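Letter by letter, the chains look like this.
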Amino acid sequence: MGLGYIGLPTAIIAAKHGIDVIGVDINPKVVEVTNRGKLHIIEPGMEEMLQEVIATGKFKAYTTPQESDAYFMVVPTPFKGDHEPDVSYVEAATRAVLPLLKEGDLYVIESTSPIGTTEMMANIIFTERPELKGKIYIAYCPERVLPGNVIYELVHNDRVIGGLTPESTDKAIGFYSQFVKGELHKTNSRTAEMCKLTENSSRDVQIAFANELSLICDKAGINVWELINLANKHPRVNILQPGCGVGGHCIAVDPYFITADYPAESKIIATARNINNYKSLWCAEKVKNTILEFELKNGRKPVVAMMGLAFKPNIDDLRESPAANIVGNVVKICGNTEILVVEPNIQEHGTYTLTDYREAFERADIVVMLTAHNRFKELPWDEKKTILDFCGIYKK
Ligand code: SAJ
């Protein structure tokens, strides 16, 4: 249920391992495109695999669920209101498969979910189908793949599997062991739900620490990249890298699933979110001030190169990208300044005319490094330009 960034690759990999897979998505366009062997998500190597499993007849997409032996909820859990998790898609997917459930079936939630969601869905199932009580297996099993490396990680990562009962955990392990080579760790559903949220919150907190250091170092006149490199020479210190904020659909989102339900207890997690959000605003302010200073000093407007739109290095994914937000913010406020927007990993953009990264660097008076793409690392350091390096292009 759900043929998005995780559901579709999972369906394809399972089919590739010989499992008969029915992919379901409420969006008819997704179903049509998928059945034509075209990938509607960005994931290297996945389209060839999709075409293969369609050809072998192991995979087909539909707009409504079909009777199966195991059902997987892999739908989005967005926000409603002020960062409150919205589990209505998980509930809708659950209600859609409810009439099809039969004795012995496995029902798994993979969607990132607040603590207690699996129990809540079990309640819905048993309220509507009381005769299934004790006769079906219910578990929570989050994925932890890194976008861009999904084919490898779906198979090789360890997974945490939390059943409502030990029998449910075993049943789910039986399923996943057909294609997962990583270790499958047994737990209960609440721990598995919290484990997913913990992993991404942990990374968010660690990035916030690096971002906080970058703000301190900027004021103190210290090169933060050199500082972190030196601190990491300590055998028990491993600081992550500062950047222009935290993007993507996971790390900047999942911590709110904890803070929404446990506001009094989740102080560090909430502060980390604020620091990482603030870092993007700080970067945008820095760019605007640098433009003003240039004008005052030179009596003309500068040419500005904004280097990168993607949410992390060497990908073409612009979802929830702090770099894209900063570009939007600067373009809005400094509309009459010539701003060259660069993203070498995409061909075109709906709003901006893109400039080649070498040309933009050459022409710019102010160069703003937003995403640490490898290609930008070939560019020289140029004393004549003002370079704002928010992502460590020149850290060496
Ligand atoms: N970032 C930094 N500094 C760093 C590392 C990352 O600023 O040192 C920024 C990146 O630029 C990016 C954001 O953090 O904007 C997130 O990037 P990422 O590569 O750390 O993670 P995602 O969002 O692509 O994938 C994460 C992964 N989770 C963890 O590493 C704990 C992945 O394993 C999860 O499956 C995924 O979230 C998910 O779906 O939840």
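Please refer to the structure higher up on the page.
Keep in mind it's a predicted model, so treat the numbers as computed, not measured.

### Some points on the overall build of the protein
Part 1: What the protein contains, in helices and strands, is 13 helices and 13 strands.
Part 2: Taken over C-alpha atoms, the radius of gyration comes to 24 Å for the protein, in line with the 21 Å a tight globule of 396 residues would show.
Part 3: Each principal axis of the C-alpha distribution contributes one length, and for the protein these read about 80 × 50 × 40 Å.
Part 4: Burial analysis of the protein (396 residues in total) assigns 51% to the buried set.
Part 5: Long-range contacts, defined here as pairs at least 24 residues apart, represent 69% of the contacts in the protein between residues at least 6 apart.
Part 6: Total accessible area computed for the protein in this model is approximately 19100 Å², and 53% of it derives from carbon and sulfur atoms.

### Considering the pattern of salt bridges
Once their charged atoms are close, side chains differing in charge can pair, the charge on each being opposite to the other.
Part 1: Counted under the stated rule, the structure contains 23 salt bridges.
Part 2: Residue Glu 199 is joined to Arg 144 by a salt bridge in which the shortest nitrogen-to-oxygen separation is 2.3 Å. Of the two residues, Glu 199 is situated in helix H8 (residues 189-220) and Arg 144 in the loop between strand E7 (137-140) and helix H6 (150-156); the sequence distance between them amounts to 55 residues.
Part 3: A relative accessible area of 24% means that Glu 199 is categorised as partly exposed.
Part 4: Across the salt bridge formed by Asp 218 and Lys 286, the nearest N and O atoms sit 2.9 Å from each other. Taken as a pair, Asp 218 in helix H8 and Lys 286 in helix H11 (residues 267-298) lie far apart in primary sequence, 68 residues in all.
Part 5: Owing to a relative accessible area of 40%, Asp 218 belongs among the partly exposed residues under this scheme.
Part 6: The exposure class of Lys 286 is partly exposed, given its relative accessible area of 27%.

### A closer look at empty space enclosed by the protein
The gaps left among the atoms become clear once a water-sized probe is rolled over them.
Part 1: Scanning the entire structure with this criterion turns up one cavity of 30 Å³ or more.
Part 2: Taken as a whole, the largest cavity holds about 40 Å³ of empty space.
Part 3: Every residue along the wall of the largest cavity is listed here: Glu 143, Arg 144, Val 145, Glu 153, Leu 154, Asn 157 and Arg 159.
Part 4: Residues belonging to the lining of the largest cavity are distributed by class as follows: two nonpolar, one polar and four charged.

### Quick notes on the packing of H11 against helix H12 (residues 322-333)
Part 1: Direction vectors running N to C along H11 and H12 enclose 35 degrees, while the axes themselves pass 9 Å from each other. Crossing handedness for the pair H11 and H12: right-handed. Contacts from Ser 280, Leu 281, Cys 283, Ala 284, Val 287, Lys 288 and Ile 291 of H11 reach H12 at Pro 322, Ile 326, Asn 329, Val 330 and Ile 333.

Thresholds applied
Residues numbered from 1 in each chain as written. Predicted model: local features only at pLDDT ≥ 70, side-chain atom pairs only at ≥ 80, totals over all residues. Heavy atoms only, no water. Helix = DSSP H or I, 4+ residues; strand = E, 2+ residues; numbered from the N terminus. Rg over C-alpha atoms; globule rule 2.2 N^0.38 Å. Buried < 20%, exposed > 50% of the residue type's maximum accessible area, 1.4 Å probe, protein only. Contact = heavy atoms within 4.5 Å. Areas by Shrake-Rupley, 256 points an atom, 1.4 Å probe, with all protein chains shown as cover. Salt bridge = Lys/Arg side-chain N within 4 Å of Asp/Glu carboxyl O. 1 Å grid on protein atoms, 1.4 Å probe; cavity = no way out; pocket = protein on both sides within 12 Å on 5 of 7 lines; lining within 4 Å. Points joined across faces, edges and corners; volume = space filled by probe spheres on them. Nonpolar A, V, L, I, M, F, W, Y, C, P; charged D, E, K, R; others polar. Axes fitted to C-alpha atoms, helices over the stretch in contact; angles between N-to-C directions. Left-handed = near helix turned anticlockwise from the far one by under 90°.

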